[in-house]
Amino acid sequence: MSNLFKELKNEWAKHTPNLAHCAKLLDVLKLELVHVGFAGPKEAAKSGHNEKLQTSREMLEIAVEHSIKVKDYPAYERYMAQLNVYYYDYDKFLESSPAMHKFIGLNLLYMLATNRIADFHILLERLPSALLLHNSFIMPVLELENYYMEGRYNKILQAKKTMPSEIYSNFMDMLVNTAKEEIASCLEKSCVKISPKQAALRLGFKPGSSELTDLAQRRKWSLDADGNYNFASWHAKPVEVVPANDIAEQTLVYAQELEKIV
């Protein structure tokens with residue numbers, strides 16, 4: 001495993017690594033990981049096994065980043081689940097990884113970007129309060145969650161440039177798209193009509209951009225005669241027919257049954 005891992009590590013350290021070659025190396029290393037990883041406490045405490053666990057952890061950290069680069073999100077979730085075992089279950093036998101907080105923050109951002117708020121808070125419960133308040137990788141994600149919950153979506157759009165690591169950018173794109181969908185939903189509910197220019201500004205698009213056109217088509221927005229997106233028909237509520245006769249008959253039946261009880 002050591003030779004393959006060294007090859008993977010050297011390739012990944014390049015400015016533009018060969019992603020296809022890294023994928024092949026990871027496929028082989030995953031099989032090796034089955035024989036090494038997920039040891040019990042006694043095995044993990046052994047010095048020789050300890051070194052193997054550290055190598056496996058580093059390999060999984062590279063695998064997580066690789067899955068993000070190739071946008072294979074199911075693979076990301078599998079690798080991150082395995083990596084959490086090393087961060088939380090083997091923490092008594094291994095020194096903390098220098099990249100641990102970066103990957104924890106990354107996973108929190110992924111939960112937020114995919115709108116899995118319950119899972120986001122479950123992950124937070126496992127972290128000490130001092131980490132939440134002072135860590136440079138965790139704090140920005142918590143701020144994003146506050147913006148998201150408060151509906152301050154413009155802050156999310158602005159925060160993309162201030163993320164603590166480049167690897168966060170992919171999930172930030174996902175979160176920005178989620179925020180824009182929420183803004184679009186708010187526009188549909190709060191506006192009777194809105195001009196394309198104003199809609200673009202609210203959504204963080206350039207007026208006349210193809211992104212606005214794509215979003216409008218996806219959400220089935222239509223322009224009226226004045227050239228505005230018109231949501232008047234979306235606000236019309238269907239008339240509810242109250243079955244008065246049926247309710248009256250049922251009430252009389254209840255009254256008769258109560259008389260029998262008395």
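This text goes with the structure placed above it.
Keep in mind the model is a prediction, meaning the values are calculated, not measured.

Draft legend 1. Quick look at the environment of A113. Relative to the assigned elements, A113 resides in helix 6 (residues 100–113). Classification of A113 as buried rests on a relative accessible area of 4%. C-alpha of A113 to C-alpha of L175: the two residues are 62 residues apart in sequence and 4.1 Å apart in space.

Draft legend 2. Highlighting the pattern of salt bridges. Following the criterion strictly, the structure yields ten salt bridges and no others. Across the pair E65 and K102 runs a salt bridge, and its minimum N-O distance is 2.8 Å. Highlighted residues: E65 in helix 4 (residues 47–69) and K102 in helix 6, separated in sequence by 37 residues. Residue classification places E65 among the buried positions, given a relative accessible area of 13%. Take K102: its relative accessible area is 18%, and that puts it in the buried class.

Draft legend 3. Highlighting the packing of aromatic side chains. Enumeration according to the criterion identifies ten aromatic pairs in this entry. Between Y86 and Y90, the ring centres sit 5.3 Å apart and the planes meet at 80°, which makes this aromatic pair edge-to-face. In this structure Y90 comes out as buried when scored by relative accessible area, which is 5%. Seen from their ring centres, W221 and F231 are 5.2 Å apart, and the 75° between their planes marks the pair as edge-to-face. Here the residue W221 occupies a position in the loop between helix 13 (210–218) and strand 2 (229–230), and F231 occupies one in the loop between strand 2 and helix 14 (232–235), the gap between them amounting to ten residues. Like W221, the residue F231 is buried in the burial classification. Members of the aromatic cluster, each reached through a chain of ring pairs, are Y73, Y76, Y110 and F171.

Draft legend 4. Representation of unusual backbone geometry. Phi is positive for N115, which is not a glycine, with a value near 65°. Position of N115 among the secondary structure elements: in the loop between helix 6 and helix 7 (117–125). The partly exposed category is assigned to N115, whose relative accessible area is 41%. Even without a glycine there, the phi angle at K220 is positive, about 60°. Inspection of the secondary structure assignment puts K220 in the loop between helix 13 and strand 2.

Draft legend 5. Up close: the side chain of R57. Among the structural elements, R57 can be located in helix 4. Buried and without a salt bridge, R57 has E61 as its closest oppositely charged side chain, separated by 4.6 Å. What R57 contacts, discounting residues up to four positions off in sequence, is L83, Y86, Y87, L94, E95, S96 and S97.

Rules and cut-offs
- Residues numbered from 1 in each chain as written.
- Predicted model: local features only at pLDDT ≥ 70, side-chain atom pairs only at ≥ 80, totals over all residues.
- Heavy atoms only, no water.
- Helix = DSSP H or I, 4+ residues; strand = E, 2+ residues; numbered from the N terminus.
- Buried < 20%, exposed > 50% of the residue type's maximum accessible area, 1.4 Å probe, protein only.
- Salt bridge = Lys/Arg side-chain N within 4 Å of Asp/Glu carboxyl O.
- Phe/Tyr/Trp six-rings, centres within 6.5 Å; stacked < 30°, edge-to-face > 60°.
- Lys, Arg positive; Asp, Glu negative; His and termini not counted.
- Contact = heavy atoms within 4.5 Å.

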